[in-house]
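Structural description and commentary
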Amino acid sequence: MIHTDAVVIGAGPAGLFQVFQLGLLGLQAHVVDALPEPGGQCVALYPDKPIYDIPGLPACTGRSLTAQLLDQASPFLDADRLHLGQQVTRLEVSAQVPLGQHRFTLHTDQGLALCARVVFVAAGAGAFLPRELALPGLKGRPGNLHHHLHADSGAPAPWAGQHLTVAGGGDEALHAVLSLLQAPSPQAPAHITLLHRRDQFQAEPALDAAVREAMQQGRMHLVLGVPQSVQQADDGRLLAIDLAQADGTHTHPTDHLLVQLGLSPKLGPLADWGLPMARKQVGVDPATFASGVPGVFAVGDINTYPGKKRLLLCAFHEATLAAHAAAALLNPDAPQHLLYTTTSPLLLQRLGRA
Ligand SMILES: Cc1cc2nc3c(=O)[nH]c(=O)nc-3n(C[C@H](O)[C@H](O)[C@H](O)COP(=O)(O)OP(=O)(O)OC[C@H]3O[C@@H](n4cnc5c(N)ncnc54)[C@H](O)[C@@H]3O)c2cc1C
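Before going into details, it helps to say that this report is about the structure given with it. (Residues numbered from 1 in each chain as written. Predicted model: local features only at pLDDT ≥ 70, side-chain atom pairs only at ≥ 80, totals over all residues. Heavy atoms only, no water.)

Comments concerning helix H1 (residues 13-24)
Selection criterion: Think of it this way: any DSSP run of H or I at least four residues long counts as a helix, any run of E at least two long counts as a strand, and we number them from the N terminus. A helix is expected to span 1.5 Å for every residue after the first. Between buried and exposed lies partly exposed: a residue is buried under 20% and exposed over 50% of the maximum accessible area for its type, with that area taken using a 1.4 Å probe on protein chains only.
Its twelve residues give H1 an end-to-end C-alpha distance of 17 Å, which sits within 8% of 16 Å, the value for a rise of 1.5 Å per residue. The buried fraction of H1 amounts to twelve of the twelve residues, a majority that puts the element mostly inside the structure. Buried within H1 we find Pro-13, Ala-14, Gly-15, Leu-16, Phe-17, Gln-18, Val-19, Phe-20, Gln-21, Leu-22, Gly-23 and Leu-24. Positive backbone phi, at 80°, marks Gly-26, one or two positions downstream of H1.

Here we look at unusual backbone geometry
With the exception of glycine, the majority of residues adopt a negative phi angle, and the majority of peptide bonds are in the trans configuration. With phi around 45°, Arg-279 is a residue other than glycine that occupies positive phi space. As for its placement among the helices and strands, Arg-279 is situated in the loop between strand S19 (277-278) and strand S20 (281-283).

Structural notes on the pattern of salt bridges
What counts here: One speaks of a salt bridge when a side-chain nitrogen belonging to Lys or Arg is within 4 Å of a carboxyl oxygen belonging to Asp or Glu.
By the definition in use, this model includes seven salt bridges. Linking Glu-92 and Arg-90 is a salt bridge whose minimum nitrogen-to-oxygen distance equals 2.8 Å. The salt bridge involving Asp-208 is made with Arg-212; its shortest N-O contact spans 2.9 Å. One end of the pair is Asp-208 and the other is Arg-212, both in helix H5 (residues 205-216) and four residues apart, which spans about a single turn. Taking relative accessible area as the criterion, Arg-212 reaches 25% and is therefore assigned partly exposed. Members of the salt-bridge network, linked through shared partners, are Asp-199, Asp-208 and Arg-212.

Keep in mind these values describe shape, not function.
Written out as structure tokens, the structure reads:
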């Protein structure tokens, strides 16, 4: 069980800036995100598209904005406080624990438990989870069925030296195939098959062209078909997929299956945490961004209030006011002076720039 001042649910732009603002006010935060990397929509949906409406940044991409937010938050956010690839599934409130003490316990689907004095829901449209491929008859979660590209850590990938089938026909699948073709030998599969229902991709023309060139060169193969059933070993391992193809059903054996059908946001368990919600959004007080549950704040795309705009600029404003409101709640007797990062020795010390 990790004890901390604050837990931020979501490492999108709102969540990352929330950590920074809390850090300035001397509050320690841990962040949890369902995605394997931080950045929320900016990285998951439009990493390379330019954004033109961040104050003082005439143009930046979703990925570069995330890199800057991480850099800015780095005095307060290290790898031990950033928990990626896990969804917060439960939020428990211990009503007998006084407000301001560790009354919130959050649980993730990976077994992590965090105990916090305040909680910030920065969950956007929900947790971004990989879209599943319909595999009729599939039992359990086979160890050789994957939904994420292996992190380039230098360690061998699970499919190293084996036959990997990548399912999908969009940007994600084609991008995965091209990265795998360039992977160094400890990570590279011996054979790559792209499985898609038809010989047309819904992907950027450059990705489409690169994959077709790799096919022509025989560096990978395309198999067309729609899964009808699966064959599994006694230990649950996936052995083959039976595919409906133009000339009947054929069996496609594979060592590993990597599903790359994109991500979709799932509000999921958040809806059951007792937070007053309207149309899948958490209602907040626009002066403090406090939700209807004392000690729980909501910032960014997940919240709603009169005049709400789902813009990055608004998320940053909300995170700032929410941090100040939380500091006032946790230290009710301390004077809440507004300090400037330019002139306050305390803030400069917290930022490591004294
Ligand atoms: C195509 C596109 C272009 C855009 N362009 C602009 C633009 O030009 N300017 C602009 O201002 N805005 C733009 N936006 C909007 C902007 O991206 C959003 O306002 C912003 O991303 C909201 O940030 P957020 O942190 O609130 O939510 P998100 O970015 O959605 O991040 C939320 C994070 O929370 C995680 N999460 C949710 N639930 C859980 C859970 N239970 N457990 C763990 N993790 C969880 C999710 O996985 C996600 O990573 C654009 C949006 C899109 C889709």
